Amino acid sequence: MITLAVGLGTCGIAAGAQEVYDELLRQPDPRYILRKTSCNGHCYNEPIVEVFQNEELIGAFYQVKASSVKSLLETLPSVWGQPSSRQGQEQRLVLENCGLIDPENMNDYISRGGYVALETVRSLLPMEVVSMIKASGLRGRGGAGFPTGLKWQFALNNPSQPKVVIANADEGDPGAFMDRAVLEGDPHRVIEGLLIAAHATGANSAYIYIRAEYPLAIKRLRHAIADVTAEGKLGTVLLEIKEGAGAFVCGEETALMASMEGERGMPRFKPPFPAESGLWGQPTTINNVETLAAIPWIIRHGAEAFSKWGTEKSRGTKVFSLAGKVKYPGLVEVEMGTSLRSMIEQLGGGTSSGLPIKAVQMGGPSGGCVPESLLDTALTYEDLQATGAIMGSGGVIVMDEATCMIDIAKYFLNFIQNESCGKCTFCRIGTKRMFEILSRIAEGKGELADIDELIDLSSQISKASLCQLGKTAANPVLTTLQYFKDEYLEHIVEKKCRAHVCRSLIRYHINSDVCTGCTLCAKRCPVSCIKGVTKGPHRIDASHCTKCGTCLSVCRFGAVTVSTGVHS
Amino acid sequence: MTPQWNDLASELLQRFGDETRYAIPILQAIQTEQGYIPIPLLEAIASKAQHLQANQLYGVATFYSQFTFTPKGKHTIKVCMGTACFVKGAQQIVDAFKSALSIEIGETTPDKLFTLQTVACLGCCSLAPAVMIDGHVHGQVTQESVAALLKAKGFNL
Ligand SMILES: Cc1cc2nc3c(=O)[nH]c(=O)nc-3n(C[C@H](O)[C@H](O)[C@H](O)COP(=O)(O)O)c2cc1C
Ligand code: SF4
Ligand code: SF4
Ligand code: SF4
Ligand code: FES
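Cut-offs and rules
- Residues numbered from 1 in each chain as written.
- Chains lettered and ligands numbered in written order.
- Predicted model: local features only at pLDDT ≥ 70, side-chain atom pairs only at ≥ 80, totals over all residues.
- Heavy atoms only, no water.
- Helix = DSSP H or I, 4+ residues; strand = E, 2+ residues; numbered from the N terminus.
- Rg over C-alpha atoms; globule rule 2.2 N^0.38 Å.
- Buried < 20%, exposed > 50% of the residue type's maximum accessible area, 1.4 Å probe, protein only.
- Pairing = 2+ DSSP bridges.
- Axes fitted to C-alpha atoms, helices over the stretch in contact; angles between N-to-C directions.
- Contact = heavy atoms within 4.5 Å.
- Buried area = accessible area lost by both parts, 1.4 Å probe.
- Salt bridge = Lys/Arg side-chain N within 4 Å of Asp/Glu carboxyl O.
- Polar contact = N/O pair within 3.5 Å; in protein donor to acceptor, adjacent residues only side chain to side chain.
- Nonpolar A, V, L, I, M, F, W, Y, C, P; charged D, E, K, R; others polar.
- Domains from an automatic or database assignment.
- Near = heavy atom within 4 Å.
- Areas by Shrake-Rupley, 256 points an atom, 1.4 Å probe, with all protein chains shown as cover.
- Phe/Tyr/Trp six-rings, centres within 6.5 Å; stacked < 30°, edge-to-face > 60°.
- pLDDT = per-residue confidence, 0-100.
- Parallel < 35°, antiparallel > 145°, perpendicular 65-115°, else oblique.
- Left-handed = near helix turned anticlockwise from the far one by under 90°.

Asker: Account for the overall build of chain A, with residues named and values stated.
Answerer: Of the regular secondary structure elements, chain A holds 24 helices and 17 strands. On C-alpha atoms alone, chain A measures out to a radius of gyration of 26 Å, which is about the 24 Å that the 2.2 N^0.38 rule sets for 568 residues. For the C-alpha atoms alone, the extent of chain A along its principal axes is close to 80 × 65 × 40 Å. Here chain A, with 568 residues, has 60% of them falling under the buried criterion.

So this is what it looks like as structure tokens:
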């Protein structure tokens with residue numbers, strides 16, 4: 001029997017997968033069964049229709065359009081594309097069901113071993129479950145990497161009742177989307193992990209705190225919760241969804257709880273830790289979505305099966321989201337300890353532009369930029385930390401030579417100063433000052449003393465901030481200063497942006513020897529500052545040019561050039 | 001205070017409950033149903049409630065980016081400015097929307113048709129640059145496709 005599976009995650013739908021699915025529905029064919037799945041991680045090929053014969057993947061149709069559905073059906077049972085070779089190089093534990101099952105069909109999940117772990121766990125003592133998770137070596141996937149078993153033990157040991165467990169589905173790190181993919185593609189797995197956490201810590205209330213920017217994930221979670229409730233799988237646990245209201249800092253656990261309590265989402269001092277006194281003063285266990293999604297696998301296969309993957313301090317596998325200037329953006333799940341280079345070059349296909357890789361940003365606003373020279377770093381908590389970056393939630397942004405590192409540092413500081421909750425003076429004002437200095441440098445108004453000022457502010461902000469948002473706010477600046485100081489100096493001394501990004505430091509010209517006078521640039525220039533007659537050389541009026549780059553991208557004759565620096 | 005807000009205030013308290021923890025769900029309901037947070041409505045709620053005060057509701061509403069105090073346009077455009085979109089040229093996309101609509105970020109066009117916002121990541125980073133229009137995500141947006149996206153929502157160039 002042939003099954004056609006259409007990946008209907010947010011990414012697939014954005015690429016047009018819903019139209020493809022609807023078209024397939026309109027053209028029923030007795031030769032196949034149509035199945036609705038979600039993102040399988042190969043986002044670069046979307047919309048994707050995968051073909052299964054007796055549940056085995058035999059091939060796929062990539063970048064399908066609704067208009068090509070007819071010819072697709074005529075081609076069957078042969079296919080256009082082979083299963084991606086990437087599949088064989090990954091180790092999928094957390095993502096084992098993503099793209100294979102219908103996320104709105106609980107029986108699909110059950111047929112692949114779903115809820116077996118919950119059954120098993122409910123016949124065990126909480127302490128036995130905690131021991132198992134401890135033995136697996138699983139560390140939190142939300143950023144800090146705290147050992148999950150130990151976290152559960154703290155909550156279990158607290159005699160106070162009632163207790164709470166929370167799934168942190170805030171996924172605020174811009175550029176990371178693994179949690180969204182799991183929630184949309186395998187929502188029951190997160191629910192099962194959360195119910196296991198509830199049993200292991202003795203909690204009776206469970207919450208999923210999810211950001212409002214993920215409407216499809218919320219819809220599928222609601223569907224899944226209705227199904228487990230109807231099946232009586234919740235036992236005595238009350239399970240509820242809480243929608244965030246748009247604040248990055250609410251991903252921080254104490255701010256998250258403040259937000260659930262109906263207040264401004266401002267972090268609180270620790271201790272008390274959530275396991276001592278969390279939501280409404282009750283002992284609380286907070287785990288990231290991916291952490292929870294690993295739990296059912298560990299219970300089903302045993303702690304040892306998990307801990308045999310990875311390195312001594314970083315066990316198991318990790319899901320990474322590849323984005324930015326990478327050829328094959330999407331999700332990959334690899335064994336911890338894999339090198340950053342092999343993940344980006346072999347699984348990600350290198351850069352999309354073909355330009356050399358300049359750096360890789362890891363860990364979002366709290367992380368840093370790993371330069372090309374350190375790409376052989378192993379993907380473990382400790383090795384990444386040694387570079388100045390962090391594992392973070394697993395967001396990986398690839399940057400090529402056309403990326404300006406000052407622009408990136410400025411981007412992150414702008415993000416941080418916007419998202420600072422305002423409680424600590426240094427985080428609130430210090431990050432703003434850093435942003436202003438970086439803006440000055442990008443505009444060619446920087447001075448050498450600005451670099452010392454940046455370093456000085458960095459250490460003060462880190463010392464005087466309450467939560468990790470402030471404590472790590474300077475990381476994007478410190479790592480770019482460490483690895484790309486020459487670019488800072490170029491901006492300051494030579495007024496030069498080698499990546500041609502900082503608008504104040506670049507100039508556009510038309511080479512009159514090459515210009516054919518086709519007039520295209522003049523028609524497209526948004527501020528009409530290009531003059532010239534048809535078939536005659538064109539000229540840019542620099543005093544009105546906004547440096548938008550349109551002329552450069554539209555000219556088919558390579559007549560538009562860019563220059564930068566005082567000496568050019 | 002208009003009676004309209006009074007009735008709505010009672011209804012909201014009835015629907016959610018009069019406790020601090022319901023502040024955000026109440027505000028979310030108001031934002032979705034009214035399209036913005038009318039301050040007189042917050043005052044009406046506070047005057048009826050035991051545990052929800054006007055200053056607390058206002059404080060919460062100003063903290064989270066989901067809430068706005070001015071009515072939004074018919075269509076809300078959220079241009080992603082997350083890291084992945086940023087390195088793939090999201091700035092040019094925002095600029096294209098700004099110049100096409102002749103408004104700044106956070107503003108609404110005079111004909112009340114479009115509100116332009118930025119967001120920090122839509123989770124569609126693999127299709128960067130991404131834009132969400134009325135809850136639907138569009139991927140690989142270009143300066144050229146901006147006009148087409150607007151036209152599909154009734155914008156006359
Ligand atoms: C500013 C800030 C934002 C955070 N955002 C998230 C987030 O979006 N998702 C998440 O799981 N953890 C986030 N964290 C980490 C949480 O505080 C917490 O450590 C984590 O949810 C614990 O789960 P884990 O042990 O399973 O990793 C954030 C931390 C900080 C300081
Ligand atoms: S460090 Fe920044 S985000 Fe954290 S509590 Fe202080 S002001 Fe708020
Ligand atoms: S598009 Fe190129 S060739 Fe055509 S007028 Fe402009 S600069 Fe000259
Ligand atoms: S960079 Fe933009 S504004 Fe400047 S000349 Fe070219 S098209 Fe016109
Ligand atoms: S960075 Fe734009 S969708 Fe994630």
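Let's pick the thread back up.
Asker: So, the sheet that holds strand β9 (residues 317–324) of chain A: which residues are in play, and what are the values?
Answerer: All names here are of chain A. One open sheet accounts for five strands, arranged β10-β9-β13-β11-β12; its pairing is mixed. Because the sheet does not close on itself, it has two edges, and the strands there are β10 (330–335) and β12 (368–371). Going from strand to strand, the sheet's axes swing by 30° on average, the running direction of each strand aside. Bridge count for strand β11 (residues 357–362) against strand β13 (residues 395–400) is five bridges, and the pairing is antiparallel. Its bridge partner being in β13, A359 is matched across the sheet by M399.

Asker: Describe the side chain of D186 of chain A, with residues and values.
Answerer: Residue and element names in this part refer to chain A. Among the structural elements, D186 can be located in the loop between α9 (178–185) and α10 (187–201). Its relative accessible area of 0% is what places D186 among the buried residues. Ignoring anything within four residues of it in the chain, the contact list for D186 reads N97, C98, I101, Y109 and A181.

Asker: Please give an account of the interface of chain A and chain B that cites residues and values.
Answerer: A common way to express how large an interface is: the accessible area buried when the components associate. The interface is formed by 52 residues belonging to chain A together with 39 residues belonging to chain B. Roughly 3,400 Å² is buried in total at the junction of chain A and chain B, and carbon and sulfur atoms are behind 59% of that figure. When the buried area of chain A at its contact with chain B is split by residue, A245, R264 and Y411 of chain A rank highest and sum to 17% of it. Linking chain A with chain B are one salt bridge, by the criterion used here. For R503 of chain A, the salt bridge goes to D95 of chain B, with nearest N and O atoms at 3.4 Å. For the pair chain A and chain B, the number of links is 17 residue pairs in polar contact (both at pLDDT 80 or more). Within the residue set of the side of chain A that touches chain B, elements represented by two or more residues are α1 (10–15), α12 (253–260), β9, β13 and α17 (405–419) of chain A. Of the residues that constitute the side of chain A that touches chain B, the class distribution is 29 nonpolar, 12 polar and 11 charged.

Asker: Give me the lowdown on the domain arrangement of chain A, citing residues and values where you can.
Answerer: Residues and elements named next belong to chain A. What the domain assignment reports for chain A is domain 1 (2–79), domain 2 (106–305), domain 3 (317–400), domain 4 (405–494) and domain 5 (505–564). Put simply, the middle of domain 3 and the middle of domain 4, counted by C-alpha atoms, are 22 Å apart. Taken together, the contacts link 15 residues of domain 3 with 16 residues of domain 4. Of the roughly 1,100 Å² buried where domain 3 meets domain 4, counting both sides, 67% is carbon and sulfur surface. Taken together, the links from domain 3 to domain 4 amount to one salt bridge. Between E487 and K358 there is a salt bridge, with the nearest N and O atoms lying 2.7 Å from each other. Connecting domain 3 to domain 4 are five residue pairs in polar contact (both at pLDDT 80 or more). Looking at the side of domain 3 that touches domain 4, the elements that each hand over two or more residues are β11 and β12.

Asker: Lay out the site of ligand 1 in plain terms, naming residues and giving numbers.
Answerer: Residues and elements named next belong to chain A. Surrounding ligand 1, one finds 18 residues, the nearest of these being G142, K151, N287, N288 and T291. G251 has a polar backbone atom sitting 3.3 Å from a nitrogen atom of ligand 1. Taking N287, its side chain carries an N or O atom lying 2.9 Å from an oxygen atom of ligand 1. Computed on the free molecule, ligand 1 has an accessible area of 610 Å², of which 90% lies beneath the protein chains in the complex. Contributing elements (two or more residues each) for the shell around ligand 1: β8 (284–288) and α20 (468–471). At three residues, the largest contribution of residues to the shell around ligand 1 is made by β8. Taken together, the residues that form the shell around ligand 1 break down as three nonpolar, nine polar and six charged.

Asker: Before we move on, can you summarise the sheet that holds strand β5 (residues 164–169) of chain A with the specific residues and values?
Answerer: All names here are of chain A. A sheet is described by the order of its strands in space; here four strands give the open sequence β7-β6-β5-β8, paired in parallel fashion. What marks the edges here is a single partner per strand, and that holds for β7 (238–243) and β8. Averaged over all adjacent pairs, the angle separating strand axes in this sheet is 20°, with direction ignored. Here six bridges tie strand β6 (residues 205–210) to β7, and the two strands are oriented parallel to one another. Considered in β7, the bridge of Y207 is made with E240.

Asker: Describe the domain arrangement of chain B, and please don't skip the residues or the numbers.
Answerer: Taken domain by domain, chain B comprises domain 1 (3–63) and domain 2 (75–152). Computed over C-alpha atoms, the centres of domain 1 of chain B and domain 2 of chain B are 30 Å apart.

Asker: Give me the pattern of salt bridges: which residues, what numbers.
Answerer: Residue and element names in this part refer to chain A. Evaluated as defined, the whole model comprises 34 salt bridges over all chains. The residue R300 makes a salt bridge to E96 at a minimum N-O spacing of 2.9 Å. With a gap of 204 residues between them, R300 in helix α13 (residues 289–301) and E96 in the loop between α4 (86–89) and α5 (106–111) connect regions that are remote in the sequence. You can call R300 partly exposed: its relative accessible area is 26%. One salt bridge in this structure joins E104 and R220, with 3.7 Å as the shortest N-O distance.

Asker: An account of the packing of aromatic side chains is requested, with residue identities and associated values reported.
Answerer: The description of two aromatic rings rests on the distance between their centres and on the angle between their planes. All names here are of chain A. If you walk through the whole model with that rule in mind, you get 12 aromatic pairs over all chains. Ring centres 4.6 Å apart and planes at 45° place the aromatic pair Y44 and Y328 in the tilted group. Note that Y44 is positioned in the loop between β2 (32–37) and β3 (49–53) and Y328 in the loop between β9 and β10, a separation of 284 residues in sequence. Y44 sits in the buried class, given a relative accessible area of 17%.

Asker: For the confidence of the model for chain B, give the residues involved together with the corresponding values.
Answerer: With 97% of its residues at a pLDDT of at least 70, chain B reaches an overall mean of 93. The complex model carries a pTM of 0.96, and its ipTM stands at 0.94.

Asker: Any chance you could break down the side chain of S366 of chain A for me, citing the residues and the numbers?
Answerer: Inspection of the secondary structure puts S366 of chain A in the loop between β11 and β12. In this structure, S366 of chain A is in contact with I390, Q468, T472 and N475 of chain A, ignoring residues within four places of it in sequence.

Asker: So, the packing of α10 of chain A against helix α11 (residues 215–230) of chain A: which residues are in play, and what are the values?
Answerer: Residue and element names in this part refer to chain A. Look at α10 against α11: their axes get within 9 Å of each other, and the N-to-C directions meet at 60°. With respect to α11, the axis of α10 lies oblique. Here α10 runs over α11; the crossing is right-handed. Here P187, H188 and I191 of α10 come into contact with α11, specifically with R220, L221, A224, I225, D227 and V228.

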